[in-house]
Amino acid sequence: MPTFAYKGRNSGGQLVEGVLEGANSGAIVDVLRGQGLTPVDIRESQAKSGKPGSGLNLNVPLFRQQITQVDLLLFSRQMHTLLKSGVPIMRALNGLQEAAINPEMKRVIGEVRESLEGGRELSQALARHPRVFSSFYLSMIRVGEATGLLEEIFFRLFEHLEFERYMREQVKSALRYPGFVVIAMAVAIVIVNLFVIPAFAKVFAGFGAELPVMTRVLLGFSDFMVAYWPAMLAAVIGGVFAFRAWVGTVQGRYDWDRLSLKIPIAGKILHKAALSRFSRSFSLGLKSGVPIMQALTNSAQTVDNSFISRRVEGMREHVERGESLLRAAISSGIFTPVVLQMVAVGEESGAVDDMMNEIGDMYRQEVEYELKTLGQQIEPILIVLLGIMVLILALGIFLPMWDLGKVALKR
């Protein structure tokens, strides 16, 4: 029986971690709920029990088609449309299962139908698939079940997922251009050192004259790359895998997310995009009737940044101690004075949800503006870097050739 590592929260909101054995992740969810825990994350452990030499089990997530955010987005939109049209939920799920293109999504919808037929509520059936449906998604579904507005909740979830997808695509597009330029410059440096400079080295050796310091440095670095390029390539590949392993740890992800917010130009875009997602999801939770503690916890899981997520969890702890939302936001240190003023107005007027929604829209507009002007902001930096590279090559290669040419003419 496979082993699963789980993370959950108890009734006091404290994070609990452990390992359990079960037939699948759904069985682990049932066990955790029986213990009074709310599942946050369930992952199959690498160490699996079973008979040795039993062969490779191909029924693992590695060999399954992944369920993307687009699949979940379409599921939410279609459920809203079907429920609003008066279609019973079992017929709606049956229709979606037959129409699903993704085999994995078809399987998940089928298991949700089976759970409903077994007497479970929709939120409990969805909770058996924590890798597909987040805690935020499940909390919203529970609110819809309690209020009888399930179709409206599905529509709000669709809007939220569409907003998240839009923000992620915008941030990716913002980082694509500078990343491409940096990679192109690195490739150019490698080509120059492996092929261009060695050709000039033969020319310089023929003159038999003493070369400038810059030229000797370039030739030395080129000789090093030519002699040890396999080791350097292995070091680069190893560094990439080491970085991915480091980011895969909890502390590594936290440190990297914190450092990424300090990257010039790109850092502020990532920061604003994360705060926009938090503000919109927090507003959506409050509007739907989710308690403020649960709304903070759920929205912390939507920001896609471990550093900001921990700061939001810190806000939750401040509110639990009886402090106002404004003081909690100030203590987090992630909001600007303008946003803090809007939070204060929202608390005084009793319209925190509306104010948080406006904050989310404000951050979204700022991200869009930053993306539109990204080229203008990054061009000077790239020009300076290219200029430095050309200057080094000119001083190291062409200047000594010019000096040696003048000496030959005087002779």
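Coordinates for the structure precede this section.
Model, not experiment: these values are computed from the prediction. (Residues numbered from 1 in each chain as written. Predicted model: local features only at pLDDT ≥ 70, side-chain atom pairs only at ≥ 80, totals over all residues. Heavy atoms only, no water.)

Student: Now, about the side chain of Thr373: what can you tell me, with residues and values included?
Tutor: In this fold, Thr373 is placed in the loop between helix 15 (352–372) and helix 16 (374–410). Judged by relative accessible area, which is 14%, Thr373 ranks as buried. Within the structure, the side chain of Thr373 is placed 3.0 Å from the backbone oxygen of Tyr369, a separation counted as a polar contact. (Helix = DSSP H or I, 4+ residues; strand = E, 2+ residues; numbered from the N terminus. Buried < 20%, exposed > 50% of the residue type's maximum accessible area, 1.4 Å probe, protein only. Polar contact = N/O pair within 3.5 Å; in protein donor to acceptor, adjacent residues only side chain to side chain.)

Student: Which residues make up a nonpolar patch on the surface, and what values go with them?
Tutor: Together, Met214, Ile381, Val384, Leu385, Ile388, Leu391, Ile392, Leu395 and Leu399 make up a nonpolar patch on the protein surface, roughly 720 Å² of accessible area in all. The leading source of residues in the nonpolar patch is helix 16, at 8 residues. With respect to the secondary-structure elements, Met214 resides in helix 8 (residues 213–247). (Patch = residues over 30% accessible without salt bridge, like charges linked within 9 Å, V, L, I, M, F, W, Y side chains within 5 Å. Areas by Shrake-Rupley, 256 points an atom, 1.4 Å probe, with all protein chains shown as cover. Salt bridge = Lys/Arg side-chain N within 4 Å of Asp/Glu carboxyl O.)

Student: Tell me about helix 10 (residues 266–287), and name the residues and values.
Tutor: Taking 1.5 Å per residue as the helical rise, helix 10 with its 22 residues ought to reach 32 Å, and the 32 Å between its terminal C-alpha atoms agrees with that figure. Among the 22 residues that make up helix 10, 17 are buried, leaving the element largely enclosed by the rest of the structure. Gly289 lies just past helix 10 and shows a positive phi near 95°. (Expected span 1.5 Å × (residues − 1).)

Student: Can you explain the packing of aromatic side chains? Please cite residues and give values.
Tutor: The tally for this structure, following the rule as stated, stands at 10 aromatic pairs. Judged by centre distance (5.1 Å) and plane angle (40°), the rings of Phe224 and Tyr228 are tilted. Of the two residues, Phe224 and Tyr228 are both situated in helix 8; the distance of 4 residues between them amounts to about one turn of the helix. Judged by relative accessible area, Tyr228 falls into the partly exposed class, the value being 46%. Seen in terms of ring centroids, Phe243 and Trp246 are 6.0 Å apart; in terms of plane orientation they differ by 55°. Their pairing is tilted. (Phe/Tyr/Trp six-rings, centres within 6.5 Å; stacked < 30°, edge-to-face > 60°.)

Student: Quick one: what's the story with the pairing of strand 1 (residues 3–9), residue by residue and with numbers?
Tutor: The buried fraction of strand 1 is high, at 5 of 7 residues. Pairing of strand 1 with strand 3 (residues 38–44) involves 6 bridges; the strand directions are antiparallel. Paired with Arg9 across the strands is Thr38, a residue of strand 3. (Pairing = 2+ DSSP bridges.)

So far we have only geometry, and geometry alone does not tell us how the molecule works.
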